[in-house]
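Chain residues, written in single-letter form:
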Amino acid sequence: MTRNTRLVMSIIYWAFVLYVFMPLVLMVTMGFKDSKFIGFPIKSWTLDWYLGVVQNSEVLSAFGYSIWIGVTSTAISLFVGIWISVLLNGKGFYGKTLIYGLTLLPALIPGIISAISFRIYAQLWGVSPGTGAIIWCHAVHNVPFVVLIVSARLSTLPKSYLDAARDLGADPLIAFIRVALPYLKPALIGGGVFCLLISFDDFVRSFFLGGYQPTLPVLIFAKLRSGMSPEINAIATVVLVLTGALGIWAERSMRRLNKGN
Amino acid sequence: MSGKVQSSTPALPSDQGAIPQTGGARTFWGGLVASGVYQSFSTALLSSPKRQFFILAVFPVIWVITQHLGPMLQMFYVSMVDAYPVAPSYENSFTLDNYARFFREAIFVMPFIRTLVFASVLTFCTLVLTFPVAYFLARHVKRSNQMIFLLLLLIPFWVGEIVRTYAIMILLGNNGAVNLLLKSIGLIDRPIPFMYTGFSVSVGIIYLSALYMLLPLYSALEKLPKSYTDAAADLGAGPWTRFWRVTLPLSLEGISSGATLVFLISTGYYATPVLLGGPSTTVFAETIAGFFHTAGDQWPTGAAFACLMFITALGITALFGRFMTKLQKGIRR
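Because the structure is predicted, anything quoted here is derived from the model rather than measured.

Describe helix α11 (residues 216-225) of chain A, and please don't skip the residues or the numbers.
For an α-helix, the turn length of 3.6 residues means that residues three or four places apart are oriented alike. All names here are of chain A. With eight of ten residues buried, α11 is to be regarded as a mostly interior element. For α11, the full list of buried residues reads Leu-216, Pro-217, Val-218, Leu-219, Ile-220, Phe-221, Lys-223 and Leu-224. One or two positions beyond α11, positive phi appears at Gly-227, with a value near 120°.

Below you can see the structure in the form of C-alpha cells.
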C-alpha cells in the first residue's frame, strides 16, 4: 500500500520536474536550429545563433546594463535590508508589527501595480524614467526578501557573541560590524544573489520605468513582439545558464558556510 | 585599560569609548575607534540606549513609510484627481470620476472579472498540481536529499518571467513540441491552436507561479510529524481517510499562505498575458498598462483602476484567509 503511494508520488514528482524543465530544454534546443523559422522538427543544426549573441553589441550592452542595475540595486537592498532586520530582531517597541508588515508590503504587491505606482511616485520626486528609476524600484522591491533571509540567520546568532564583544569594550556599532556581520555572511550571499537574480530577470518594472536603453528582458520582449527567431532562443539560453550557475553557486556556498558555523 | 572596567556593566553602552588594544599592536578597527572623528560620532550618537535605539529605528521607519507605503499612497492620491502630472499653471481638483469610469464603460469590466476568475482558478490548479509534489518532497524523500530535490525545482524558477514565457511559446506553438508530438502519434493531422487562448495564458501563469505554492506547502508538510499519519493508520484509517482527516487539515496554513501569494502575484503578470494571450484573454494588467503607454492625461484613470484591482484582490485574500482560519478552528474543536 505505502509502496504504491510512494511510487505514484515519485512519478508525480518526476513528471513535475519534466514539466518544469521541458519548456526550457526545448528552448535551448531550438537555439541550435539552422533556420530562421521557429518550430519543430529541427532538420539541421548550427551554432551560429549562439555565436551571434556574443558578437551582438545590442545584446551585450543590454546585458551589461542589466548587470549594472542588478548590482547597484542589490547593494542598496542589502544595506537597507540588514538595517531593518537588526531593528526587527531587536527589542520590542510600539508599532513593531506595523513596521514588519510594511517591510513585507513590496513583496506582496502584484508586479504591474508595483511598476505603475513607482512610475507615478518617480514623477512626484521629479525622477524621469531611466537607470535611476529602475534601480530605485528594484531596490525597494528586493528589500523584503533581504529582510526575510537576513532575519532568519540573525535570529540564530547567540546573544552571548554580542555580549562578549561588548564586554571586551566594543560599542554596539563596532560589535555589529565585527561580530554580527561576519556571522551573517551566508545570508548576505544568499540574499544578495537572490536580489541580483530577481533584478536581472525583472521585466515589468524595467519596462515601465525604463528610458530608451533596454535591459536584457525588455530587449527580449521587444524582439519577441516583432517575431520569434532562434536568435531569441540563444539570448534567453545565455540568461538561463547564467542565472542557473549563479543560483547554484550561491546555494552551495550558503550551505557550506551554514554548516561551518 | 578601560575594557576591564566596562565588563562589570555589560548591558550599558560604553561612554568610555571602545579601546580594545593595549597600546602595542594597532588594528584597523582599533585605530578607527580611537580616532577623534569616531569618538565624537560615538558620543553624539551612541552615548545612551535611547539614542542608540533612535538611531537604529529612525532610518528603517522613514524608509518603509516613504519607500514602501509612499508609492501606494501617491497612487491612491493620483487616482482621485482629474489630471496628473499637471502643467504648472493648472490646479488639479478632487474627483471620483476615474472610479466611475470603470463602472460606466463595459469594456473595462470584462478584463477585470476575467483577471479575478483566472487568478482564482489558476490558484486552485496550482494547489492541486503542487500538493503531491510537496508531499513527496516532505514525506518520502530522505531528509539529506530534500535540499537537492528542492533545488532541482528551484533552478528553473530563478529564470525570469520573459524567458519562461518564451519557453511556453515554443512548447505550445502551432509548430511547437506538443503539436509535433500529437501529430507524430497520429492523434491530429492539423495543429491544435493552443496559443493566444486562455489555455496558453493559464499554462504560462501556472508555470510561473507554481513555486510560490510549492514552498509554503513544503514547509507546512515538513513540520507535520510522521507519527500522526502512522497513528491514524494504526487506528485503521485508509490512505484517503488519512489524507482528508489528518494531512490536509494540518497543512491548511501552508495552503492558505501559498494560495494568497499565488493569487496576488498572478493578478500582476503583464508580459505573460501579452505574449501568450489574444484579444479574447485581455487581463486587467493590460488594461491598466494601456493608460500608461499613452500621454500623461490618462494616468489618474490608470491609477484608479490599479487601486480597484489591488483593493479587490486584497479583499478576496482577506476573506479567503478568514475562511481558512475558521476552517482550521473548526477542525481543532
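Tell me about the packing of helix α6 (residues 106-140) of chain B against helix α7 (residues 143-158) of chain B, and please be specific about residues and values.
Residue and element names in this part refer to chain B. At a minimum axis separation of 9 Å, α6 and α7 run at an interaxial angle of 155°. Judged by the angle between their axes, α6 and α7 are roughly antiparallel. Here the hand of the crossing between α6 and α7 comes out left-handed. Side by side, α6 and α7 meet where Val-133, Phe-136, Leu-137 and Ala-138 of the first sit next to Gln-146, Phe-149, Leu-150 and Leu-153 of the second. A breakdown of the residues in the contact of α6 with α7 according to their chemical character gives seven nonpolar, one polar and no charged.

With reference to specific residues and values, describe the interface of chain B and chain A.
On the side of chain A, 88 residues touch chain B, which itself brings 99 residues to the contact. Carbon and sulfur atoms supply 80% of the area that chain B and chain A bury against each other, a total of about 8500 Å² over both sides. When the buried surface of chain B facing chain A is broken down by residue, His-68, Trp-158 and Tyr-166 of chain B rank first, second and third, together holding 9% of it. The interface formed by chain B and chain A contains zero salt bridges.

Summarise the domain arrangement of chain B; cite the residues concerned and give the values.
Along its sequence, chain B is organised into domain 1 (3-68) and domain 2 (97-332). Look at where the C-alpha atoms of domain 1 of chain B and domain 2 of chain B centre, and you get two points 48 Å apart.

Report on the packing of aromatic side chains, specifying residues and quantitative values.
The tally for this structure, following the rule as stated, stands at 37 aromatic pairs over all chains. A connected cluster of aromatic rings, assembled from ring pairs, spans Phe-102, Phe-103, Phe-108, Phe-112, Phe-284, Phe-291 and Phe-305 of chain B. In this arrangement the basic side chain of Arg-153 of chain A is found over the ring face of Tyr-183 of chain A, its NZ or CZ atom lying 4.1 Å from the centre.

Which residues make up unusual backbone geometry, and what values go with them?
Positioned with a positive phi, Tyr-196 of chain B is a non-glycine residue whose angle comes to about 60°. Looking at where Tyr-196 of chain B falls in the secondary structure, it is placed in the loop between α9 (177-185) and α10 (198-223).

Talk me through the pattern of salt bridges; I want residue IDs and the actual numbers.
Residue and element names in this part refer to chain A. In this structure the tally under the stated criterion is seven salt bridges over all chains. Two residues, Lys-223 and Glu-58, come together in a salt bridge whose shortest N-O distance is 3.6 Å. Highlighted residues: Lys-223 in helix α11 and Glu-58 in helix α3 (residues 57-89), separated in sequence by 165 residues. Classification of Glu-58 as partly exposed rests on a relative accessible area of 40%.

Pulling in residues and values, what's your account of the side chain of Thr-281 of chain B?
Residue and element names in this part refer to chain B. Mapped onto the secondary structure, Thr-281 falls in the loop between α14 (271-276) and α15 (284-293). Within the structure, Thr-281 has its side chain in polar contact with the backbone nitrogen of Gly-278 (distance 2.9 Å). The residues contacting Thr-281, other than those within four sequence positions of it, are Arg-114, Thr-197, Gly-198, Val-201 and Glu-286.

Conventions used here
Residues numbered from 1 in each chain as written. Chains lettered and ligands numbered in written order. Predicted model: local features only at pLDDT ≥ 70, side-chain atom pairs only at ≥ 80, totals over all residues. Heavy atoms only, no water. Buried < 20%, exposed > 50% of the residue type's maximum accessible area, 1.4 Å probe, protein only. Helix = DSSP H or I, 4+ residues; strand = E, 2+ residues; numbered from the N terminus. Axes fitted to C-alpha atoms, helices over the stretch in contact; angles between N-to-C directions. Parallel < 35°, antiparallel > 145°, perpendicular 65-115°, else oblique. Left-handed = near helix turned anticlockwise from the far one by under 90°. Contact = heavy atoms within 4.5 Å. Nonpolar A, V, L, I, M, F, W, Y, C, P; charged D, E, K, R; others polar. Buried area = accessible area lost by both parts, 1.4 Å probe. Salt bridge = Lys/Arg side-chain N within 4 Å of Asp/Glu carboxyl O. Domains from an automatic or database assignment. Phe/Tyr/Trp six-rings, centres within 6.5 Å; stacked < 30°, edge-to-face > 60°. Lys NZ or Arg CZ within 6 Å of the ring centre and 35° of its normal. Polar contact = N/O pair within 3.5 Å; in protein donor to acceptor, adjacent residues only side chain to side chain.

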